[in-house]
Amino acid sequence: MSKPITAFVPYSGSEFTRHTVEHLRRSGLVDKIYLLAVTSEGDIAGCETLEVDAVTSSRTIDLIIKHAGSGNGGSTHVLLVTHNTPIEFVEHGIERMHQVAESTGAGLVYSDYYDIDKKQKRTPHPVTDYQLGSIRDDFNFGSVILFDAATAKTSDAEIAGPDYCHAGLYALRLAVSRRAAVLRIAEFLYSKIEIDVRKSGEKQFDYVDPRNRAVQIEMEQVATDHLKRIGAYLRPGFKSISLEDGHFDVEASVIIPVKNREKTVAEAVTSVLKQKTNFKFNCIIVDNHSTDGTTKILRDYAKQDDRVIHVVPERTDLGIGGCWNEGVHHLQCGRFAVQLDSDDLYKDETTLQKVVDCFRKEKCAMVIGSYMMTNFALQELPPGVIDHKEWTPDNGRNNALRINGLGAPRAFFTPLLRKINIPNVSYGEDYAVGLAISREHQIGRIYDPIYLCRRWEGNTDADIDIVKSNTFNAYKDKLRTFEILARQRKNSGK
């Protein structure tokens, strides 16, 4: 009797791979097991070895498709282990994955899993549901993916041509998602040893690390092709904007939302007040009902300098985005609204002038600068300067749907921002409005660092747990879903 699954497992000679293979064999559903070997060290009885360059390359994906279903009677599904790490399936775990895939006709299924640490402690690691906007290349499928073999084969044929060293698997799963459902099984079906044990705040900047530039170029090519195929790609061409619209008493306002930042807010405000400009500016600080010493600090600043406008909202249900709206709609808000977080600083006294100069020179609706990562003592931290050089004037707004952020500091043409408004949330609100603006308007960039982003234990995203991380990632995927739908609608002329 034929078995429905052909399995592919990374292999570098490690003994733990034998353990993974035994788990696969135990299920009774796996017909044939291939070892994806980057070295020729040893082998495992009963397995066939395929020499590969990397699990995620186009060459490897082509080999997988070629050998899928090559056993007795042909397999209907391809099980791919994506990381070279010990995998231990729960009882009937493989059966469950196959059951869901077979009964639903999904093109790809994945599941929640357990992390195992060095002390063999098992911790649940839920993942997030896939949606239209889940096109970021770092979407977490875990380490085990089950493809429908026929869908994978058709999808691989569609993307044939480019020879990607890094983005082959990314191209395949996007192509599969265009043909069939991508389903998460919200059950913990296997255990794995987590390879990347860095804190969440350290992982989030991988895509802007210069060492990963070659990877990012390939990922952008794949994402752009995907957007073209689903009708969400935006060609170069932007609406013009008149920067003279409206009457404003000052040219720029720095907006600082704050709650309980008595340790940092004074330095933030000081970095604004020392700005040297050829125009008038002010600083609107929206104090979201702080309960520590923040309010007193800000009241004192407002008494000493009339450029400081201390606002305490009447509402008590505001997130960071809601506080931004309070500031932007304030009668004293200037022509340009410029971001500063309450625990960060402007790099020097020229930041505000550079931002406004960029608006005037490029006649754009939004400006995004570059920043340097530092510790609390302002010492540079890896990866150093975050300049988002992956952005290009022609394709930046398309590539923005692949990555998790657009950079800082962010600045907006106030009349436009007052029309769009910012979602009343405390994570991703800046990304949402940046995507919306880029749909129609050009965004200006400053690639020299003009902002210091201080990493410390009080940061919102310094080190968050799995559940909160999933919530944040799912929200950004939802924003991408909204934006893809809006761009499809725009392209259809509706």
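All of the points below concern the structure found in this document. (Residues numbered from 1 in each chain as written. Predicted model: local features only at pLDDT ≥ 70, side-chain atom pairs only at ≥ 80, totals over all residues. Heavy atoms only, no water.)

1. Quick notes on the overall build of the chain
Threshold: Where helices and strands are cited, they refer to DSSP runs of H or I of at least four residues and of E of at least two residues respectively, numbered from the N terminus. Here the globule rule reads 2.2 Å times residues to the power 0.38, and the radius of gyration is calculated from C-alpha atoms. Note on exposure labels: buried denotes an accessible area under 20% of the residue type's maximum, exposed denotes more than 50%, and partly exposed covers the range between, all computed with a 1.4 Å probe on protein chains only. The criterion used for residue contact is that any of the two residues' heavy atoms lie within 4.5 Å. Using a 1.4 Å probe, the Shrake-Rupley method yields the accessible areas, and only the shown protein chains count as cover for residues. We score Asp and Glu as negative and Lys and Arg as positive, and we do not count His or the chain ends. In this description, the location of a charge corresponds to atom NZ of lysine, CZ of arginine, CG of aspartate or CD of glutamate.
Broken down by element type, the chain carries 15 helices and 18 strands. On C-alpha atoms alone, the chain measures out to a radius of gyration of 25 Å, which is about the 23 Å that the 2.2 N^0.38 rule sets for 494 residues. Structurally, the chain occupies a C-alpha span of about 85 × 55 × 40 Å along its principal axes. Scored against the burial criterion, the 494 residues of the chain give a buried share of 55%. Summarising the internal contacts of the chain: among those between residues at least 6 apart in sequence, 81% fall at separations of at least 24. When the accessible surface of the chain is split by element, carbon and sulfur atoms take 50% of a total near 21,700 Å². Each charge sign in the chain was given a centre, from 63 positive and 67 negative side chains, and these centres are 4 Å apart.

2. Side note on the side chain of serine 58
Mapped onto the elements of the fold, serine 58 is located in helix α2 (residues 58-67). When near neighbours in sequence (up to four residues on either side) are disregarded, serine 58 contacts Pro162, Asp163, Tyr164 and Gly168.

3. Re helix α1 (residues 16-26)
Helical periodicity: at 3.6 residues per turn, an α-helix aligns residues three or four positions apart in one direction. Convention followed: Here the arc refers to the directions that run from the helix axis out to each C-beta atom.
When α1 is considered as a whole, its buried residues turn out to be Thr17, Thr20, Val21, His23 and Leu24. Projection of α1 onto a plane perpendicular to its axis shows the buried side chains occupying an angular sector of 155°, all on one side. Where α1 is buried, its residues touch β1 (5-11), β2 (30-37), β4 (77-81), β5 (87-89) and α3 (93-104). Among the residues trailing α1, glycine 28 stands out with phi positive, at a value near 80°.

4. Some points on the packing of α2 against helix α4 (residues 149-158)
Here is the rule: Here the axes come from fitting lines to C-alpha atoms, over the contacting stretch only for helices, and the angles between their N-to-C directions go from 0 to 180 degrees. Between 65 and 115 degrees an angle is taken as roughly perpendicular, under 35 as roughly parallel, over 145 as roughly antiparallel, and anywhere else as oblique. Each crossing gets its handedness from the near helix: less than a right angle anticlockwise from the far helix is left-handed, clockwise is right-handed. Residues are grouped as follows: Ala, Val, Leu, Ile, Met, Phe, Trp, Tyr, Cys and Pro are nonpolar; Asp, Glu, Lys and Arg are charged; all remaining types, including Gly, are polar.
The interhelical angle for the contact between α2 and α4, taken along N-to-C directions, is 140°, at an axis separation of 10 Å. As far as their axial angle goes, α4 and α2 are oblique. With respect to the hand of their crossing, α2 and α4 are arranged in left-handed fashion. Of α4, the residues touching α2 (which contributes Ile61, Asp62 and Ile65) are Ala152, Lys153 and Asp156. The residue makeup of the contact of α2 with α4, split by class, is 3 nonpolar, no polar and 3 charged.

5. Focus on the nonpolar core
Definition in use: Only buried residues count toward a nonpolar core, which is a set of Ala, Val, Leu, Ile, Met, Phe, Trp, Tyr and Cys residues joined through side-chain atoms within 4.5 Å.
Formed by 137 residues in total, the largest nonpolar core has its most connected members in Leu24, Leu79, Phe147, Val254, Ile256 and Val269. Apart from the residues within four sequence positions on either side, valine 254 is in contact with Val272, Asn282, Cys283, Ile284, Val338, Leu340, Tyr346 and Leu352.

6. Section: the packing of aromatic side chains
The following threshold applies: Two rings from Phe, Tyr or Trp (for Trp, the six-membered ring) form a pair when their centres sit within 6.5 Å of each other. Planes less than 30 degrees apart are called stacked, planes more than 60 degrees apart edge-to-face, and all others tilted. Think of it as a cone above the ring: NZ of Lys or CZ of Arg counts as a charge over the ring if it is within 6 Å of the ring centre and within 35 degrees of the ring normal.
If you walk through the whole model with that rule in mind, you get 15 aromatic pairs. An angle of 55° between the planes, with centres 6.0 Å apart, marks the rings of phenylalanine 89 and tyrosine 190 as tilted. Separated by 101 residues along the polypeptide, phenylalanine 89 in strand β5 and tyrosine 190 in strand β9 (residues 182-193) bring together distant segments of the chain. Judged by its relative accessible area of 0%, tyrosine 190 falls in the buried class. An angle of 85° between the planes, with centres 6.0 Å apart, marks the rings of tyrosine 110 and phenylalanine 139 as edge-to-face. Linking tyrosine 110 in strand β6 (residues 108-116) with phenylalanine 139 in the loop between β7 (122-125) and β8 (144-148), this pair joins segments that are 29 residues apart in sequence. With respect to burial, tyrosine 110 and phenylalanine 139 carry one shared label: buried. Each residue in the set Tyr110, Tyr130, Phe139 and Phe141 is aromatic and connected to the rest through ring pairs, giving one cluster. In this structure, arginine 454 is placed above the aromatic ring of phenylalanine 376, and the distance from its NZ or CZ to the ring centre is 4.6 Å. Above the ring of tyrosine 431, the side-chain terminus of lysine 476 is found at 5.2 Å from the ring centroid.

7. Topic: the pattern of salt bridges
Oppositely charged side chains may form a pair once their charged atoms are brought near each other. Which entries qualify depends on this criterion: The working definition used for a salt bridge is a side-chain nitrogen of Lys or Arg within 4 Å of a carboxyl oxygen of Asp or Glu.
Tallied over the full model, the rule gives 28 salt bridges. Arginine 25 is paired through a salt bridge with glutamate 22; the nearest N and O atoms lie 3.3 Å apart. Of this pair, arginine 25 and glutamate 22 both sit in helix α1, 3 residues apart, which is roughly one turn of the helix. For arginine 25, a relative accessible area of 33% corresponds to the partly exposed category. The exposure class assigned to glutamate 22 is partly exposed, which follows from its relative accessible area of 38%. Three or more residues are tied together by salt bridges with common partners; here these are Glu158, Arg178, Arg179, Asp225 and Arg229.

8. Section: the environment of arginine 213
With respect to the helices, strands and loops of the structure, arginine 213 is situated in helix α7 (residues 213-229). For the pair formed by arginine 213 and lysine 389, sequence separation is 176 residues and the distance between their alpha carbons is 9.4 Å.

9. So, the pairing of β2
Short version of the rule: For two strands to pair, DSSP has to find at least two bridges joining them. The handedness rule is simple: strands pointing away from the viewer, and a clockwise path from the first strand over the helix to the second, make the crossover right-handed.
Counting buried positions over the 8 residues of β2 gives 6, a clear majority of the element. Both β1 and β2 contribute to a ladder of 7 bridges, which runs parallel. Counted as the bridge partner of isoleucine 5 is valine 30 from β2. Note on the crossover from β1 through α1 to β2: the handedness is right-handed.

10. Focus on the pairing of β8
Burial analysis of β8 places 5 of its 5 residues in the buried class, which makes it a mostly covered element. Judged by which residues are buried, β8 turns out to be covered on both faces: Val144, Leu146 and Asp148 on one side and Ile145 and Phe147 on the other are all buried. Where β4 and β8 come together, 5 bridges link them in antiparallel fashion. Pairing of valine 78 across the sheet is with phenylalanine 147, part of β8. Sheet analysis places β6 next to β8, joined by 2 bridges and oriented antiparallel. Across the sheet, residue valine 109 finds its bridge partner in β8, namely leucine 146.

11. Focus: the environment of methionine 372
Within the secondary structure, methionine 372 sits in strand β15 (residues 366-374). A C-alpha to C-alpha distance of 6.0 Å links methionine 372 and cysteine 453, two positions 81 residues apart in sequence. Ignoring sequence-local partners within four residues, the contact set of methionine 372 consists of Glu380, Gly384, Val385, Pro449, Tyr451, Leu452 and Cys453.

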